[in-house]
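What follows is each chain in one-letter form.
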Amino acid sequence: MKPDDPLLRILACPLDKGPLHLLPPGEDALLSGQALYNPRLRRRYPIVDGIPQLLPSSGEQVPEDEHERLLDRMSP
């Protein structure tokens, strides 16, 4: 998925229905592929083979220290 993909405008978190942010693949083992992130609930949803996995059970809770790192990566 690319950052300018129009699909990103309509995708929403399955729990709070708010917008999601695209996270590019990271250097660390915790984020080996792309993911969508909800900073309000601190939940990350994986993108597998280009398909966002947006079932509530697919999301994982992110610890506080990782949340801070993800916020830094999202900042322009």
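Residues numbered from 1 in each chain as written. Predicted model: local features only at pLDDT ≥ 70, side-chain atom pairs only at ≥ 80, totals over all residues. Heavy atoms only, no water.

Chemist: Describe in detail the side chain of Arg43, supporting the description with residues and values.
Modeler: Here Arg43 lies in strand E3 (residues 43-48). Buried charged residue Arg43 carries no salt bridge. Nearest counter-charge: Glu60, at 8.6 Å. Each residue touching Arg43, except ones within four places of it in the same chain, is listed here: Leu15, Leu36, Tyr37, Asn38, Pro56, Gly59, Glu60 and Gln61. (Helix = DSSP H or I, 4+ residues; strand = E, 2+ residues; numbered from the N terminus. Buried < 20%, exposed > 50% of the residue type's maximum accessible area, 1.4 Å probe, protein only. Lys, Arg positive; Asp, Glu negative; His and termini not counted. Salt bridge = Lys/Arg side-chain N within 4 Å of Asp/Glu carboxyl O. Contact = heavy atoms within 4.5 Å.)

Chemist: How would you summarise the pairing of E3 if you had to cite specific residues and measurements?
Modeler: Across 4 bridges, strand E2 (residues 35-38) lies against E3 in antiparallel orientation. Its bridge partner lying in E3, Ala35 is registered against Pro46. As paired elements, E3 and strand E5 (residues 60-61) share 2 bridges and run antiparallel to each other. Looking across to E5, one finds that Arg44 is bridged to Glu60. Judged from the 2 bridges that link them, E3 and strand E4 (residues 51-52) form a sheet pairing that is antiparallel. By the bridge assignment, Ile47 is partnered in E4 with Pro52. (Pairing = 2+ DSSP bridges.)

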